[in-house]
Amino acid sequence: KLPKRRGRTPKLSLKQKVTLLMLKRLFGKSNRNMSCMLAVFSVLSDIDVSYKIIEHLYSDPDVELAIYNLHILILKKKGIKNADTSGDGTGYSLTIRKHYASVVEKRKDKAKAAQKEPKNKNSKKKKKKIFAYSFKLLDLKTHMYLAYGTSMKSEKDAFDKAMNMISDVKISIYSARLDRYYSYPSYVDRFSGAKVYIIPKKNSTLKGSWKWKRIMKSFVIDTIPYLAEYYRRNNSESEFSVDKRWFGWKIEQRKDDRIETAIACGNVWHN
């Protein structure tokens with residue numbers, strides 16, 4: 001519970017703020033268009049606010065906490081106590097000129113070319129943020145997101161935030177399927193009591209925890225059943241595709257906290 005703040009009494013109640021933000025995410029309208037819609041329906045609802053107030057809702061700590069709690073309450077109402085999961089990361093474009101999938105492919109090509117060229121130490125330039133990274137842990141039975149994390153830095157940072165959220169959700173993880181990006185002992189060990197399915201990289205070794213060694217053994221000895229379980233990870237990619245067709249692949253907000261709130265609204269709608 002957040003303490004009461006000084007200042008003018010807000011025009012909107014917390015319920016109205018959350019509802020307004022959730023509807024804006026659902027309709028995919030800009031702040032101005034949403035405020036115009038409210039002006040039209042103010043005859044029925046008595047809600048008439050400017051586009052600036054709508055944008056500021058993304059930074060309202062009460063709204064952020066309410067959306068977070070709403071996510072947890074939905075999972076509790078569904079009665080999920082343990083889950084077989086799939087985890088994967090994706091990106092949301094912050095500019096209309098860049099699409100996440102195509103840019104990631106170009107980066108891979110550039111990385112291969114960079115290995116053959118000498119590094120230029122004088123080419124340090126501050127890059128403009130073009131993507132928000134998001135990692136989501138999916139329940140394979142209900143196809144609901146159990147936990148999520150958002151980062152402006154990297155997919156790894158988003159993964160760490162999602163794993164920290166698991167403790168709040170209080171759901172036991174039976175098994176997890178992760179992309180090859182997470183094929184390292186440090187990621188596997190985060191799922192302490194769960195069976196983890198990953199595809200080892202070419203340079204993978206047996207160095208690591210006993211959990212990592214058992215996964216490598218299972219991959220070699222029971223390859224076909226192992227791969228059958230691993231490829232259930234495709235459910236994560238399918239759900240990402242559904243979400244982006246529904247809400248779009250672009251986030252219009254610019255500040256970090258507002259971007260996180262926008263993505264969290266989409267996650268709640270998904271569930």
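Look up a bit, the structure's there.
Description of the structure in this document. (Residues numbered from 1 in each chain as written. Predicted model: local features only at pLDDT ≥ 70, side-chain atom pairs only at ≥ 80, totals over all residues. Heavy atoms only, no water.)

1. Examining the overall build of the chain
Keep this limit in mind: Put simply, DSSP marks the helices as runs of H or I at least four residues long and the strands as runs of E at least two long, and each gets a number from the N terminus on. Burial classes: relative accessible area under 20% of the type maximum marks a residue as buried, over 50% as exposed, and values in between as partly exposed (1.4 Å probe, protein chains only). Using a 1.4 Å probe, the Shrake-Rupley method yields the accessible areas, and only the shown protein chains count as cover for residues.
Scanning the chain for helices and strands turns up eleven helices and five strands. Taken across its 271 residues, the chain has 41% of its residues classed as buried. Here the chain displays about 16800 Å² of accessible surface, and carbon together with sulfur accounts for 54% of that area.

2. Some thoughts on the pairing of strand 3 (residues 145-151)
What counts, and what does not: When DSSP locates at least two bridges between a pair of strands, those strands are taken to pair.
Judged by how many residues are buried, strand 3 sits mostly within the fold: seven of seven residues are covered. Judged from the six bridges that link them, strand 2 (residues 131-139) and strand 3 form a sheet pairing that is antiparallel. Looking at the pairing, Leu-138 lines up with Tyr-145 of strand 3. Between strand 2 and strand 3, which follow one another and run antiparallel, lie five residues, and His-143 among them has a positive phi close to 60°.

3. Concerning the environment of Lys-161
Our working rule: We call two residues in contact when some of their heavy atoms are within 4.5 Å. Within 3.5 Å is the distance limit for a polar contact, defined as a pair of N or O atoms, with the added protein rule that one can donate a hydrogen and the other accept it, and that residues adjacent in sequence qualify only through two side-chain atoms.
Counting through the fold element by element, Lys-161 comes out in helix 6 (residues 155-169). Overall, Lys-161 belongs to the partly exposed group, its relative accessible area being 34%. Taking C-alpha positions, Lys-161 is 9.9 Å from Lys-136, a pair spaced 25 residues apart along the chain. Lys-161 has contacts with Tyr-148, Gly-149, Thr-150, Ser-151 and Glu-260, leaving out every residue within four places of it along the chain. Here the side chain of Lys-161 touches Thr-150 through a polar contact of 2.9 Å, landing on its backbone oxygen.

4. Observations regarding the pattern of salt bridges
We apply this condition: In the sections that follow, a salt bridge refers to a side-chain nitrogen of Lys or Arg positioned within 4 Å of a carboxyl oxygen of Asp or Glu.
Within the structure shown, the criterion is met by ten salt bridges. The closest approach of N and O atoms between Asp-179 and Arg-233, which form a salt bridge, is 3.7 Å. Taken together, the positions of Asp-179 in the loop between strand 4 (172-178) and helix 7 (185-188) and Arg-233 in the loop between helix 9 (223-230) and helix 10 (234-247) put the pair 54 residues apart, joining distant regions of the chain. The exposure class assigned to Asp-179 is partly exposed, which follows from its relative accessible area of 23%. Sharing partners across several salt bridges, the network here consists of Asp-88, Asp-179, Arg-233 and Glu-237.

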